[in-house]
Amino acid sequence: MSDQSVTPTPSDPPPPPSGRPPKVINRGRTTVPIASSNSESTDVPEFEHFGVPGPRGLPPLTEYLDILDVDMMKKPNESNKMNHHTALYQSDNLIIRRGQEFEVKITFNRPFNSAQDKFAVEFVIGSSPQYSKGTYIPVFPTKDRQSPWAGRITNTSDNTITMGITPAADCIVGKYHMYVAVATPYGIRRTRRDISRDLYILFNPWVADDAVFLDDEKERDECVMSEMGIIYHGAYDDISERNWNYGQFNYGVLDACLYIMDRSEMPITNRGDPIKVTRKASAMLNSRDDDGVLVGSWSGDYSYGVAPTSWTGSTDILLSYASSKMPVCYAQCWVYAAVFNTFLRCLGIPSRVVTNFFSAHDNDGNLKTDIILDENGRIDRKRTKDSIWNYHCWNECYMSRPDLPTGFGGWQVVDATPQETSDGMYRCGPASVQAIKHGQICFPFDAAFVFAEVNSDVVFYSRKKDGTLEPVKVNRTHIGRLVLTKNPGDLTRRDITSQYKFSEGSTEERTVLEKAEEYGCKREKSNPALADVDLVLPTLEISVGDDFELSVEFINRSDQERTVDTYISGNVVYYTGVSSSEFLFRTPTEYVSTLVSVQSKSYMKQLVEQANLHFIVTGKVNETGQIITAMKVVTLRNPKLSVEVSGGGKVNEEMMATVQFTNPFTFNLEGVYIRMEGPGVMSPKFKYYR
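Residues numbered from 1 in each chain as written. Predicted model: local features only at pLDDT ≥ 70, side-chain atom pairs only at ≥ 80, totals over all residues. Heavy atoms only, no water.

Judged by pairing direction, the sheet is mixed, and its three strands sit side by side in the order β17-β23-β24 without closing on themselves. Pairing within the sheet leaves two strands with one partner each, and these edge strands are β17 (368–373) and β24 (469–475). Across the sheet, the axes of successive neighbouring strands diverge by a mean angle of 30°, strand direction being ignored. Pairing of β17 with strand β23 (residues 457–463) involves six bridges; the strand directions are parallel. Bridging across to β23, I371 finds its partner in F460. (Pairing = 2+ DSSP bridges. Helix = DSSP H or I, 4+ residues; strand = E, 2+ residues; numbered from the N terminus. Axes fitted to C-alpha atoms, helices over the stretch in contact; angles between N-to-C directions.)

And the structure:
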């Protein structure tokens, strides 16, 4: 065989640049590329000939109908935006909702004569519009000729007609180009492409035929129209609130939301289905595997971006992603949920942010959160892989589920926080809340994962010297202790735990868990005998920097004396339940109770963001060999911020906003970063103090 080099023939594809995979092309696979970008469009000819034009071109078309002007009636105070609940969007274009009539005024060069004149209003979306795909829709004014979008003339005045157009209630959601086309004997003449005639069509929760219809005015007003929200965090017995500006109507946000779908290369034809839109978006809101919107970080080092706790709203994040085309740093669960909420509300899908307190992240797909103890009762952190998040935020969105049996529509869980993969990508949902409550975890999508987040058992195992594990305590009520969302129309919270699960210990709950087991979820079947000594840890309210005492109380329920070898472990943990460092470890032998003194200097230098102190007390009853255990999360409270606004709050008059807080420490604070915004009043501003 000779050493000759081979010259590639013209039909061979060029070799890929080193280090990069070859670009996937559609040649030989589809006749035209699949339209997957709303920002790309095709040139629609101003004149479309019937047959081949003669050598002298077209005769003068002066005797035929011509279009002089098109009024989209798109001002915020005009009927279209008022009737379609879109007047708040800061956009120069018309924004309407599908399944509901809107009007345009068309001025011709002479009065319209329905007997001899033929015209249509054409709507085009994407790069290869086709009537059969719903990406090219002609709308006709006469009853004898109709398309999937209804059209009618509602008013005629001299040369101007007003045409009412009703987009189909399942049409594609996105940005359309509009043309007016008039038929002549020689061909079709059209208006020129004009960006001022582009219009956005959104989901419509006000119309019964739309898949996202929500027949509750108060709930709909909150979950579609409200720009401000409250996100709950902290611990279930010490709940904190975080205000958030969703800003779904702000300038540029709608375009940013459409760009997210373009970036995901989601086919245009799928964008009318809220199930497909929300599933695709749950993957695109995080940057794992698709360069989506937000980079997650729980490390505490945010030097290359903004700390998750510093964000106050979604607008900056979405506009930054759309302009830079790069993922934005950094997010944690409530930031993912808040930005996802903006995306959903902006497109017209009713949505709300939900917080689950004591949320299981079960990494092996069973219904057990495993905590491994050594033979003496001390926790084995190397072998304990599952974690219990103090709280976890996700979204619920409202839609029908024609892909599921009747009764499983309504609220659906979607979660953009990258925890586990679903069909190969970091995403979660939509999963029917009703299916989760009733143990129907076989239904798509990811119902089993969400079911485990609210229903897992915490199982303490004692690990023997030979490596075998023996369950010593099962806590069936710790996980999914409380599920909260904001009450519609006011600033109070709403407990929706009962929408996810039946009351603990009820017959219904047992039936549901048995149903989940039929679909492959493994539970801990054993019921270790309860020890005759109870261990009680009190609820504490502690501010950052406080010294405090932890009371450990033993209650002897037997009629004999008991002594307990007890380990008390105090750890600084992230809100995800992952331990950062151990700051306290004690091994006294007790039989009544004890007070453990905790000095602030022992934990202050080891604090991480949103710091929580996690105490685990485990003990072995010497007389019986039984293991007893208790856990307590202590959320450290930060100093409260107060905001005062001077001035009467009048249009075109300057106001001053003063932010104050008291430094509770004996040392100066360094690297203080203040971020502030006011929906509709002040865009996000920040200041850094060294």
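With 11 of its 11 residues buried, strand β16 (residues 351–361) lies for the most part within the structure. For β16 and strand β18 (residues 387–399), the ladder comprises 10 bridges, and the chain directions are antiparallel. Counterpart to F357 in the pairing with β18 is Y391. As paired strands, β16 and strand β25 (residues 482–486) are joined by three bridges and run antiparallel to one another. The partner of T355 across the bridge, within β25, is L484. (Buried < 20%, exposed > 50% of the residue type's maximum accessible area, 1.4 Å probe, protein only.)

The next thing to look at is empty space enclosed by the protein. It is the rolling of a water-molecule-sized probe over the atoms that shows where space remains empty. Under the criterion given, the structure shown has six cavities of 30 Å³ or more. Taken as a whole, the largest cavity holds about 80 Å³ of empty space. Taken together, E222, C223, G229, I230, Y246, R345, R352, V353, T485 and K486 make up the lining of the largest cavity. In the lining of the largest cavity, the residues fall into four nonpolar, two polar and four charged. (1 Å grid on protein atoms, 1.4 Å probe; cavity = no way out; pocket = protein on both sides within 12 Å on 5 of 7 lines; lining within 4 Å. Points joined across faces, edges and corners; volume = space filled by probe spheres on them. Nonpolar A, V, L, I, M, F, W, Y, C, P; charged D, E, K, R; others polar.)

Turning next to the pattern of salt bridges. Applying the stated criterion across every chain yields a total of 27 salt bridges. Residues D457 and R476 are paired through a salt bridge, measuring 2.7 Å at the closest nitrogen-oxygen approach. Highlighted residues: D457 in strand β23 and R476 in the loop between β24 and β25, separated in sequence by 19 residues. (Salt bridge = Lys/Arg side-chain N within 4 Å of Asp/Glu carboxyl O.)

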